[in-house]
Amino acid sequence: MGNPWFESVAVARERARKRLPRSVYGAIVAGAEAGVSRDDNLAAFDELGLRPVTAGQVTGQKLDTTIMGQSASIPVMISPTGVQAVHPEGEIAVGRASAARGIPMGLSSFGSKKLEDVIAENPATFFQIYWAGDRDAMSARMERAKAAGAAGLILTLDWSFSHGRDWGSPSIPEKIDFKTALEHAPDVLTRPRWLLDWAKTKQLPDLGVPNYTTNPDYVPGFFEAYGEWMMTPPPSWDDVAGIAEEWGDNFMVKGIGRGDEAKRAVDAGATAISVSNHGGNNLDGAPAPIRVLAECVEAVGDQCEVLMDGGIRRGSDVVKALALGARGVLIGRAYLWGLAANGQAGVENVIDVLRGGIEATMRGIGVRSIDDLSPADLAIPDGFSPTPR
Ligand SMILES: Cc1cc2nc3c(=O)[nH]c(=O)nc-3n(C[C@H](O)[C@H](O)[C@H](O)COP(=O)(O)O)c2cc1C
């Protein structure tokens, strides 16, 4: 390949599409049911306009902030995503890239690399759990994360086990052995560069989830852990309060989609929320988070940090989210595509693309500091947001 640098997330996505086996690429693009929410996550950003200045542009803007007590060179952090078989270095590469660019990282309990090893690369790592397994197992996961030095905890609560997709779900084996290799050969053999990356490590991709367990001698497979999660009765807000109390400070609830729920999360002890619909992988028909962000900000005021995720593909998206009251954003697919396209350097490239886009947008709208962004910087169409609740 020529110059591996890419100029936009769209280019990274295209490179990932060409490089990854179709099943792996399909699992990242995903989206639930008809993909309405996934598509709305992007469409909603396009509906928001920016109010430009001509003379009076500003340079050297202030872009840094803190997210759950960790410094962030730009108001962006890595969102937790499960099983990064897109690249042999997975979350280790993401940890290195985010640390090199000075932003925090969320690490999934369904991730593929041990949290101790990821935290060694980026100490500003927040560990993400689901309400899965019995309460003792959750406590043990939290204790392990504390012992490893996790900078915060993210509890993701919006998953509703909606499995059907109108375009069909790719078949993904738990481990690649001789039989599954043969079954998947047509898919995998057309992607020699991806295969070569793995061949160099003398390992085959497997879907083990080492952070789900607290038993050092046993790494469950993704589907085993997923099955247990699916059988776990959903939590009440009192249960959430119990987790908040047990963990302490720097506790985020991820997956909020309504103002009244944002308030409940704060009442339960959240110090941060992410307004999110799981990248549209979940309850199809849930509005894009950017549409309900202002409602959530309004509901909690300054009682907690409000972040959002879903559909961030360019720096102007970050600026729009901040103008509507977010402290920062989380990115998901964008960095997975960068990782697939060019490993650690690809993730750094994505973060640089976002930084450049934030700078250019703020220059164009004449705003010197991210702290000064407001809805007045945007052109917001009537009916952009659903009626608050
Ligand atoms: C492949 C994939 C795996 C994900 N796994 C997790 C996960 O393990 N935990 C979690 O909290 N969110 C998970 N998410 C959701 C992301 O953290 C984030 O909410 C979403 O990707 C944001 O939307 P975006 O991809 O448009 O940026 C996953 C998303 C994708 C695409």
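So, how was this worked out
Residues numbered from 1 in each chain as written. Predicted model: local features only at pLDDT ≥ 70, side-chain atom pairs only at ≥ 80, totals over all residues. Helix = DSSP H or I, 4+ residues; strand = E, 2+ residues; numbered from the N terminus. Rg over C-alpha atoms; globule rule 2.2 N^0.38 Å. Buried ≥ 20, exposed ≤ 12 C-beta atoms within 10 Å, placed from the backbone. Contact = placed C-beta atoms within 7 Å. Axes fitted to C-alpha atoms, helices over the stretch in contact; angles between N-to-C directions. Parallel < 35°, antiparallel > 145°, perpendicular 65-115°, else oblique. Left-handed = near helix turned anticlockwise from the far one by under 90°. Nonpolar A, V, L, I, M, F, W, Y, C, P; charged D, E, K, R; others polar. Near = placed C-beta within 6 Å. Pairing = 2+ DSSP bridges. Right-handed = clockwise from strand over helix to strand, strands pointing away.

## Concerning the overall build of the protein
And then number 1: Each helix and strand in the protein was counted, giving 14 helices and 12 strands.
And then number 2: For 389 residues, the compact-globule estimate of 2.2 N^0.38 gives 21 Å, and the C-alpha radius of gyration of the protein, at 20 Å, lies within 12% of that figure.
And then number 3: A total of 389 residues make up the protein; the buried ones form 51% of that total.
And then number 4: Put simply, of all contacts in the protein between residues at least 6 apart along the chain, 74% involve residues at least 24 apart.

## With respect to the packing of helix α13 (residues 315–323) against helix α14 (residues 333–365)
And then number 1: Packing of α13 against α14 brings their axes to within 6 Å, and their N-to-C directions diverge by 60°. Comparing the axis directions of α13 and α14 gives the class oblique. Taken as a pair, α13 and α14 cross one another with a handedness that is right-handed. Of α14, the residues touching α13 (which contributes G315, S316, V318 and V319) are L354, R355, G356, G357, I358, A360, T361 and M362.
And then number 2: Tallied by class, the residues present in the contact of α13 with α14 amount to six nonpolar, five polar and one charged.

## Looking at the environment of I103
And then number 1: Looking at the element boundaries, I103 is found in the loop between α4 (90–101) and β5 (105–108).
And then number 2: Sequence-wise, I103 and S23 are 80 residues apart; in three dimensions their C-alpha atoms are separated by 30 Å.
And then number 3: Beyond its immediate stretch of four places on either side in the chain, I103 contacts A72, S73, I74, V76, M77, I78, S98 and I351.

## Focus: the site of the ligand
And then number 1: Inspection of the region around the ligand gives 25 residues, with S79, S108, T156, G279 and G332 positioned closest.
And then number 2: Across the shell around the ligand, the residue classes break down as eight nonpolar, 14 polar and three charged.

## What to know about the pairing of strand β7 (residues 152–156)
And then number 1: By the criterion of burial, β7 is predominantly enclosed, with five of the five residues buried.
And then number 2: The alternating pattern of β7 places G152, I154 and T156 and L153 and L155 on opposite faces, both of which are buried.
And then number 3: Inspection of the sheet shows strand β6 (residues 125–130) paired to β7 by five bridges, in the parallel sense. Counterpart to Q128 in the pairing with β7 is I154.
And then number 4: Between the parallel pair β6 and β7, the chain is carried across by helix α6 (residues 135–148), and the sense of this crossover is right-handed.
And then number 5: Inspection of the sheet shows β7 paired to strand β8 (residues 251–256) by four bridges, in the parallel sense. The residue of β8 that forms the bridge with T156 is K254.

## Section: the packing of α4 against α14
And then number 1: As a packed pair, α4 and α14 sit with axes 8 Å apart at the nearest point and diverge in direction by 20°. Here α14 runs roughly parallel to α4, going by the angle between their axes. Between α4 and α14 the crossing geometry is left-handed. Contacts between α4 and α14 involve A93, V94, R96, A97, A100 and R101 on the former and, on the latter, Y335, L339, G343, Q344, V347, E348 and I351.
And then number 2: Among the residues making up the contact of α4 with α14, the classes are represented as eight nonpolar, two polar and three charged.

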